[in-house]
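Coordinate analysis (summary)
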Amino acid sequence: MKPLELLKTELEEGILIITLDNPGQQNALSTACIDALREVIQEVYDNNDIKSAIITGTGDEVFATGAPLEEIKALNELNGRKFAENGQETFALIENCHKPILAAVNGRAHDGGFELALACHLRVASENAVLGFPEVAMGLIPGFGGTQRLTHLIGKTRASELLMTGAEITAAAAKDIGLIGHVVSYPDAMLKKGKEILRRIMANSPLAVGMLVNCTNAASNPNENGYQMEANSFAHCCTAEGFREGVDTLTNE
């Protein structure tokens, strides 16, 4: 896999570690960074050696922030819509990937950085991490799906308060309301915890894991019948060779 500007990648025992690496701009999700991230996520889809992925930021202060100010200042109604749709498409690739993708939030996750974390299937954080959508103070709102995913995850009342006030929350508070699965004391422990979770997932049937992605996504999609998705996915799993092997293993124990 070729190295991409603004990102570092390392494949470790089936886990692709994607590190946002532009500390001079606080790991800002510029158009170039979004495009690079899309290319890497497509590699996660296509490369059979990659079984799962972790997205994190370099250092211990910033996970990711929104677009650089020079890009924000250049937005108008036409290119603003295209900018938002580009980010939404990239983050939808993450959300819909049949391989588990975990956000390891190593520090501040503001604006697009918070949206990136929300698009991942799983989230762990170091205790110094803070998350928030301060865009409203600039007269903007999240544009990469943040209003939708936050509302689905914590409900309209809590999401509305965070979005409309622009307040940030700590990793511990985010865990209390279900946004973060685990909070650990420092970034190295955070990555260790993330890898531990992914290894447990990777030990299971890849097909079943992929079907669970479909089902959990359908639960928050008003255009999907989640129960029908579950029944269809269950039936699909019943046709798989791995299902028969798993049943035979349990039977022989």
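Note that the structure is predicted; figures quoted are calculated from it, not measured. Starting afresh in each chain, residues are numbered from 1 along the sequence in its written order. Local features in a predicted model are, by the rule used here, given only for residues with pLDDT of at least 70; side-chain atom pairs are given and counted only at 80 or more, and totals for whole chains, interfaces and linings are based on all residues. With hydrogens and water set aside, each side-chain value is computed from the structure's full complement of heavy atoms.

Each residue's exposure class comes from its accessible area (1.4 Å probe, protein chains only) as a fraction of the maximum for that residue type: buried when under 20%, exposed when over 50%, partly exposed otherwise. Starting at the N terminus, helices and strands are each numbered in turn, a helix being any DSSP run of H or I of at least four residues and a strand any DSSP run of E of at least two. In terms of burial, strand 5 (residues 101-105) is a largely internal element, five of the five residues being buried. Burial of the side chains of strand 5 extends over both faces: Ile-101, Ala-103 and Val-105 are buried on one face and Leu-102 and Ala-104 on the other. When DSSP locates at least two bridges between a pair of strands, those strands are taken to pair. Pairing of strand 3 (residues 52-57) with strand 5, which is carried by four bridges, proceeds in the parallel orientation. Directly across from Ile-55, in strand 5, lies its bridge partner Ala-103.

Nonpolar side chains tend to gather and get buried jointly when the protein is soluble and globular. For this analysis, a nonpolar core means a set of buried residues of the types Ala, Val, Leu, Ile, Met, Phe, Trp, Tyr and Cys, connected via side-chain atoms within 4.5 Å. The biggest cluster of nonpolar side chains holds 49 residues, and the ones touching the most others in it are Ile-55, Ile-94 and Leu-150. Considering each element in turn, this core owes the most residues, seven residues, to helix 1 (residues 31-46). Not counting residues up to four positions away in its chain, the partners in contact with Ile-55 are Ile-18, Leu-37, Ile-41, Phe-63, Ile-94, Ile-101, Leu-102, Ala-103, Ala-104, Leu-116 and Cys-120. By size, the runner-up hydrophobic cluster in this structure holds 11 residues, among which are Ile-17, Ala-189, Met-190 and Ile-197. Contacts are assigned to residue pairs with any non-hydrogen atoms lying within 4.5 Å of each other.

What holds strands together in a sheet is hydrogen bonding between their backbones, with the strands either parallel or antiparallel. Taking strand neighbours across the sheet as the criterion, the four strands line up as 4-6-8-9 in an open arrangement whose pairing is mixed. Looking at the sheet topology across the chains shown, the edges are occupied by strand 4 (62-64) and strand 9 (168-170). Shown here is a sheet whose adjacent strand axes are inclined to one another by a mean of 20°, direction ignored. Convention adopted: a line fitted to C-alpha atoms gives each axis, helices being fitted over their contacting stretch, and angles between N-to-C directions are expressed from 0 to 180 degrees. Packing of helix 4 (residues 112-119) onto the sheet brings it into contact with strand 4, strand 6 (108-110) and strand 8 (130-132), and relative to strand 6 it is tilted by some 95°.

Attention now goes to the sheet that holds strand 10 (residues 182-184). Taken together, the six strands give an open sheet; going across it, the order is 1-2-3-5-7-10, and neighbouring strands pair in mixed fashion. Strands with a single pairing partner mark the edges of an open sheet, and in this sheet they are strand 1 (7-12) and strand 10. Taking each pair of neighbouring strands and ignoring which way they run, the sheet shows an average axis angle of 20°. Of the pairings in the sheet, the one linking strand 1 to strand 2 (residues 15-20) comprises six bridges and is antiparallel in character. Across the sheet, the residue bridging to Leu-7 is Leu-20, located in strand 2. Each of strand 1, strand 2, strand 3, strand 5, strand 7 (122-126) and strand 10 is contacted by helix 8 (residues 187-202), which is oriented at about 160° to strand 7, the strand it contacts most.

This next bit is on helix 1. The terminal C-alpha atoms of helix 1, which comprises 16 residues, lie 23 Å apart, in line with the 22 Å expected from a rise of 1.5 Å per residue. Taken together, the buried positions of helix 1 are Cys-33, Ile-34, Ala-36, Leu-37, Val-40, Ile-41 and Val-44. What you see down the axis of helix 1 is that its buried residues fit within an arc of 160°, all on one side. Tucked inside the fold, the buried residues of helix 1 contact strand 1, strand 2, strand 3, helix 3 (77-96), strand 5 and helix 4. Expected span of a helix: the number of residues minus one, times 1.5 Å. What the arc measures is the spread of directions leading from the helix axis to the C-beta atoms.

Moving on, we come to unusual backbone geometry. For Glu-13, which is not a glycine, the phi torsion comes out positive at approximately 50°. Mapped onto the elements of the fold, Glu-13 is located in the loop between strand 1 and strand 2. On the basis of relative accessible area, Glu-13 is assigned to the exposed category, the value being 63%. Positive phi values are uncommon outside glycine, yet Gln-26 reaches one of about 55°. Structurally, the position occupied by Gln-26 is in the loop between strand 2 and helix 1. The class for Gln-26 is partly exposed, based on a relative accessible area of 37%.

Before going further, it helps to examine the environment of Glu-89. Along the chain, the position of Glu-89 falls in helix 3. Overall, the relative accessible area of 46% leaves Glu-89 in the partly exposed class. For Glu-89 and Ile-34, which are 55 residues apart along the polypeptide, the C-alpha to C-alpha distance reads 9.8 Å.

So, to be careful, I would describe these as geometric facts and stop short of saying anything about function.
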